[in-house]
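Remarks on the overall topology
Residue-level listing of the chains:
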Amino acid sequence: MDQLTVIQKTLQKELTEMNDIIRRSLYTPNALMNRVVTSYLETKGKQIRPIMVIVSAGLFGGVNEHVLHAGAALEMLHNASLIHDDVVDETPLRRGRATINQEWGNHIAVLVGDYFVSNALAAGIRTGNIAIIASLSDLGKELSIGEIDQICNARDHHFDEESYISMIRKKTASLFMNCVKMGAEAAGATESQYAPLIRFAELFGLCFQIKDDIFDYSDNTRIGKPTGNDLHEGKVTLPLLYALGHAPAEEAERMKALLRRGDLSSDDIARLLRFACENGGIEYAYRRMREMQKEADKVLDTYPDSRWRQTFRDIFSYIISRDI
């Protein structure tokens, strides 16, 4: 049993109550919308984001109804982004099932995603905490800008780690940062109390995305993401960025020329993946994650020992070691 499964079992009561809130929030008498939404909710993801909300609240005093509504809001907003991403990327499968756009078409999928966003905001309002509502609003902006940054990085051929880290901070880490903020706010913590934990969540989110990007360099049949998929979409991630900056100059320039040319063939992608692996890209990505984990541990050390603090440590270890 992996660390996440243990955590999910420990928080089963809270997660069940939160998922009930999501189901009730999304119910509608419209038969088509209800059918699509009900089918979508049958397959849950790992729900790491609401777990972060709940654990943050636990660290600062306990889980209450406002915490569960905050977790539901984050989960619905996250799922809205996935539904919309599937439309943009023309993704046929997610979590082993046909995506909404694949089964019902883009028009229905966009409307369902919008419906999730609206209900996420409504769940946030039920907390009665303006800081939580503001977090949901800020998060929507950060996620959008992060995606645009990724497109710009690909189009403008930014091959530097700084641009990459800035992009994944907005695209991925911002979500986890708002998770711990909303959990802490719902539990009654002050900004000075939870400020260090936001840095922890930032490091966590960066590592989460780096590990996701590493999957692009190996057989990913278990997660439904073909090898080289990021490169196919023009995304240059940390392992390749490192190799481009540390391989022999002549070889690195040949790889950059390939990337600038665009329209990569399967052979081109295989060549770039091999180049990244042979020039220490994967090892460097793991090294960076371990460095971030050490800093995150120091942040957690500023809080009293508790099962909630240990849960944060465990889930950080899980995201680095996970194979799916």
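Our structure's up above, just so we're on the same page.
Residues numbered from 1 in each chain as written. Predicted model: local features only at pLDDT ≥ 70, side-chain atom pairs only at ≥ 80, totals over all residues. Heavy atoms only, no water.

1. Focus on the overall build of the protein
Summing up its helical and strand segments, the protein has 16 helices and two strands in all. Its C-alpha atoms give the protein a radius of gyration of 20 Å, near enough to 20 Å, the size a compact globule of 324 residues would have. Expressed along its principal axes, the backbone C-alpha trace of the protein runs to roughly 60 × 50 × 35 Å. Working note: accessible area of the protein is about 15000 Å², and carbon and sulfur atoms make up 51% of it. Put simply, the protein has 38 plus and 45 minus side-chain charges, and the middle of one group is 3 Å from the middle of the other. (Helix = DSSP H or I, 4+ residues; strand = E, 2+ residues; numbered from the N terminus. Rg over C-alpha atoms; globule rule 2.2 N^0.38 Å. Areas by Shrake-Rupley, 256 points an atom, 1.4 Å probe, with all protein chains shown as cover. Lys, Arg positive; Asp, Glu negative; His and termini not counted. Charge placed at Lys NZ, Arg CZ, Asp CG, Glu CD.)

2. Description of empty space enclosed by the protein
Scanning the entire structure with this criterion turns up two cavities of 30 Å³ or more. Counted as a void, the largest cavity has a volume near 140 Å³. As for the largest cavity, its lining consists of 15 residues, of which Asn 19, Leu 41, Lys 44, Gln 47 and Asn 79 are closest to the centre. Sorting the residues of the lining of the largest cavity by element identifies helix H2 (12-26), helix H3 (31-41) and helix H5 (65-89) as the ones contributing at least two each. Broken down by element, the lining of the largest cavity gets its largest block of residues, four residues, from H2. In this model, the second largest cavity occupies a volume close to 110 Å³. (1 Å grid on protein atoms, 1.4 Å probe; cavity = no way out; pocket = protein on both sides within 12 Å on 5 of 7 lines; lining within 4 Å. Points joined across faces, edges and corners; volume = space filled by probe spheres on them.)

3. Re the side chain of Asn 19
Here Asn 19 lies in helix H2. Setting aside its immediate chain neighbours within four residues, Asn 19 contacts Lys 44 and Gln 47. (Contact = heavy atoms within 4.5 Å.)

4. Digging into helix H9 (residues 161-186)
Its 26 residues give H9 an end-to-end C-alpha distance of 35 Å, which sits within 8% of 38 Å, the value for a rise of 1.5 Å per residue. A maximum bend of about 50 degrees is found in H9 at Ala 173. (Expected span 1.5 Å × (residues − 1). Bend = angle between axes of the 7 residues up to and from the residue.)

5. A few points about the pattern of salt bridges
Inspection of the entire model under this criterion finds 18 salt bridges. The salt bridge partner of Arg 97 is Glu 42, with a shortest N-O separation of 3.2 Å. With a gap of 55 residues between them, Arg 97 in strand E2 (residues 97-98) and Glu 42 in the loop between H3 and helix H4 (48-59) connect regions that are remote in the sequence. With a relative accessible area of 32%, Arg 97 lands in the partly exposed category. In this structure, Glu 250 engages Arg 254 in a salt bridge whose closest nitrogen and oxygen atoms are separated by 3.4 Å. Taken together, the residues span about one helical turn, with Glu 250 and Arg 254 both in helix H13 (residues 249-261) at a distance of four residues. The exposed category is assigned to Glu 250, whose relative accessible area is 61%. A residue is classified by how much of its surface remains accessible, and Arg 254, at 40% relative accessible area, is partly exposed. It is possible to trace a salt-bridge network through shared partners that takes in Arg 169, Arg 199, Glu 202 and Glu 295. (Salt bridge = Lys/Arg side-chain N within 4 Å of Asp/Glu carboxyl O. Buried < 20%, exposed > 50% of the residue type's maximum accessible area, 1.4 Å probe, protein only.)

6. Observations regarding the packing of helix H10 (residues 191-214) against helix H16 (residues 307-321)
Packing of H10 against H16 leaves a shortest axis separation of 8 Å and a crossing angle of 20 degrees. With respect to H16, the element H10 is oriented roughly parallel. Relative to H16, H10 is oriented so that their crossing is left-handed. Residue-level contacts link Leu 197, Phe 200, Leu 203, Phe 204, Cys 207, Phe 208 and Lys 211 of H10 to Phe 312, Ile 315, Phe 316, Ile 319, Ile 320 and Ser 321 of H16. Looking at the contact of H10 with H16 residue by residue, the class counts come to eleven nonpolar, one polar and one charged. (Axes fitted to C-alpha atoms, helices over the stretch in contact; angles between N-to-C directions. Parallel < 35°, antiparallel > 145°, perpendicular 65-115°, else oblique. Left-handed = near helix turned anticlockwise from the far one by under 90°. Nonpolar A, V, L, I, M, F, W, Y, C, P; charged D, E, K, R; others polar.)

7. Things to note about helix H12 (residues 238-246)
Burial of H12 is extensive: seven of the nine residues sit out of reach of the surface. The inward-facing, buried residues of H12 contact H9, H10, helix H11 (229-232), H13, helix H14 (266-278) and helix H15 (281-300).

As far as function goes, none of this settles anything; it's purely spatial.
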